[in-house]
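# Report on the structure
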Amino acid sequence: MELLLTVLVDGLIYAAWLFIVALGLTLVFGVLKILNIAHGSFYAIGAYAAASTVGWFASLGLAPEWSLFAMLLAAAGVAALLGPLLERGLLRLFYGRDEVLLVLVTYALFLMLEDLVKLVWGVDPYYVSEPYMLFGNIEAGPLFYVGYDIALIGLAVLCGLAVWFGLNRTTIGKIVLAVIHNPEMSASMGVNINRAYVGAFVCGVFLAALGGAFTSPQISVQPGLSVGVIILSFAVVIIGGLGSIEGAAVGALIVGIARAGAVHLVPDAELFIIYLVMAAVLVFRPEGLFARAQARKI
């Protein structure tokens, strides 16, 4: 029973940050129809920006509680700077082109952003220790967990509910859904398609940067961070179904629990267990567990 609880809690903690990142990836795909390989770079830039901003707040003598606001501010800054710039300056030039071309464009963008990160922050690792002990320790049966890790689960739930509510219960969200279903008809009805694309892309960048910012206290922020993240994010959205919020949530849970189970039961299988699960899902359901048609394409 103790082992089962350990696997479950560890899996939820791992799935939390992964869901936040994958949520941004599936949102961008649902609206812009782009498989954005550069999404992992937004995660890494969010982590670096958070490390710098938290350090700056600490140098001002602010209380450690302000570090949470610093990480949120860093994620918002990354989205506000990179989102409109990349969508209007680059990606819009390739709308309507072959999907393979868009993949290649985002891959080129990924390579450029990787070099940009090294140029701005160098190759030395960054550590963000200030926020990690803010919530103390939490007891879960016979186990103790860092409260920050558990709080990250709450952040993931909040992000999922916010995106779902924004799309399904607000006027702007309904406009975005209309653009997803039929952009030509939406444009003929007076909807500003370009504004919807920019907004969706900025939200996707923000979610990726938010995931990076709030996981920076758990990791060493260093070059190469984005590679593993984008692979895992693609595994999540492929398992869950491209363009589905529910699919991203279920996919993240499957990946998180599968990895936690492998770590505790079969450590040698940790490196490939996620891909084994993904392959098994694709064999029986190639479109993912939640097909886009059933998920109203988002």
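Residues numbered from 1 in each chain as written. Predicted model: local features only at pLDDT ≥ 70, side-chain atom pairs only at ≥ 80, totals over all residues. Heavy atoms only, no water.

Taken as a whole and assessed by the stated rule, the structure comprises 1 cavity of 30 Å³ or more. By volume, the largest cavity is sized at about 40 Å³. Forming the walls of the largest cavity are Ala44, Tyr48, Glu114, Val117, Lys118, Gln222, Pro223, Gly224 and Leu225. Elements represented by at least two residues in the lining of the largest cavity include exactly helix H2 (39-59) and helix H4 (99-121). Top contributing element to the lining of the largest cavity by residue count: H4, with 3 residues. Split by residue class, the lining of the largest cavity holds 5 nonpolar, 2 polar and 2 charged. (1 Å grid on protein atoms, 1.4 Å probe; cavity = no way out; pocket = protein on both sides within 12 Å on 5 of 7 lines; lining within 4 Å. Points joined across faces, edges and corners; volume = space filled by probe spheres on them. Helix = DSSP H or I, 4+ residues; strand = E, 2+ residues; numbered from the N terminus. Nonpolar A, V, L, I, M, F, W, Y, C, P; charged D, E, K, R; others polar.)

Moving on, we come to the pattern of salt bridges. Taken as a whole and assessed by the stated rule, the structure comprises 3 salt bridges. When the shortest N-O distance is used, the salt bridge between glutamate 87 and arginine 88 registers 2.6 Å. Residue glutamate 87 is classed as buried on the basis of its relative accessible area, which comes to 0%. The salt bridge partner of arginine 285 is glutamate 287, with a shortest N-O separation of 3.4 Å. Judged by its relative accessible area of 26%, arginine 285 falls in the partly exposed class. Assessed through its relative accessible area of 40%, glutamate 287 is described here as partly exposed. (Salt bridge = Lys/Arg side-chain N within 4 Å of Asp/Glu carboxyl O. Buried < 20%, exposed > 50% of the residue type's maximum accessible area, 1.4 Å probe, protein only.)

Nonpolar side chains tend to gather and get buried jointly when the protein is soluble and globular. Within the largest apolar cluster, 91 residues are counted, with the highest numbers of intra-cluster contacts made by Trp17, Val31, Leu32, Phe42, Phe201 and Phe214. Top element by residues in this core is helix H1 (residues 2-32). It accounts for 15 residues. In this structure phenylalanine 42 touches Asn36, Leu82, Leu86, Leu113, Phe201, Val205, Ala208 and Ala209, once residues within four positions along its chain are discounted. (Core = buried A, V, L, I, M, F, W, Y, C linked by side-chain atoms within 4.5 Å. Contact = heavy atoms within 4.5 Å.)

In total, this model carries 12 aromatic pairs according to the counting rule given. Note on tryptophan 66 and phenylalanine 69: the rings are 5.9 Å apart at their centroids and 85° apart in plane angle, and the pair reads as edge-to-face. With tryptophan 66 and phenylalanine 69 both in helix H3 (residues 66-89), this residue pair falls 3 residues apart, about one helical turn. Exposure remark for phenylalanine 69: the relative accessible area of 41% places this residue in the partly exposed category. Taken together, a centroid distance of 5.7 Å and an interplanar angle of 55° make the contact between tyrosine 132 and tyrosine 148 tilted. You can see tyrosine 132 sitting in the loop between H4 and strand E1 (137-140) and its partner tyrosine 148 sitting in helix H5 (residues 147-168), a full 16 residues away along the chain. Here the aromatic residues Trp56, Phe57, Trp66 and Phe69 are joined through ring pairs into a cluster of three or more. Taking NZ or CZ as reference, arginine 259 lies 4.2 Å from the ring centre of tyrosine 14, over its face. (Phe/Tyr/Trp six-rings, centres within 6.5 Å; stacked < 30°, edge-to-face > 60°. Lys NZ or Arg CZ within 6 Å of the ring centre and 35° of its normal.)

Okay, the layout of surface pockets next. Taken as a whole, the largest pocket holds about 510 Å³ of empty space. Ile172, Val176, Gly199, Ala200 and Cys203 are the residues nearest the centre of the largest pocket, which is lined by 22 residues in total. Listed by contribution, the elements that provide at least two residues to the lining of the largest pocket are H1, H5, helix H6 (171-181) and helix H8 (193-215). In terms of residue count, the dominant contributor to the lining of the largest pocket is H8 (8 residues). The calculated volume of the second largest pocket comes to roughly 350 Å³. Surrounding the second largest pocket, 15 residues form its lining, Tyr14, Trp17, Gln218, Ile219 and Arg259 being those nearest its centre. Its residues assigned to classes, the lining of the second largest pocket comprises 9 nonpolar, 3 polar and 3 charged.

Time to look at unusual backbone geometry. In this structure, lysine 33 takes a positive phi of about 60° despite not being glycine. Structurally, the position occupied by lysine 33 is in the loop between H1 and H2.

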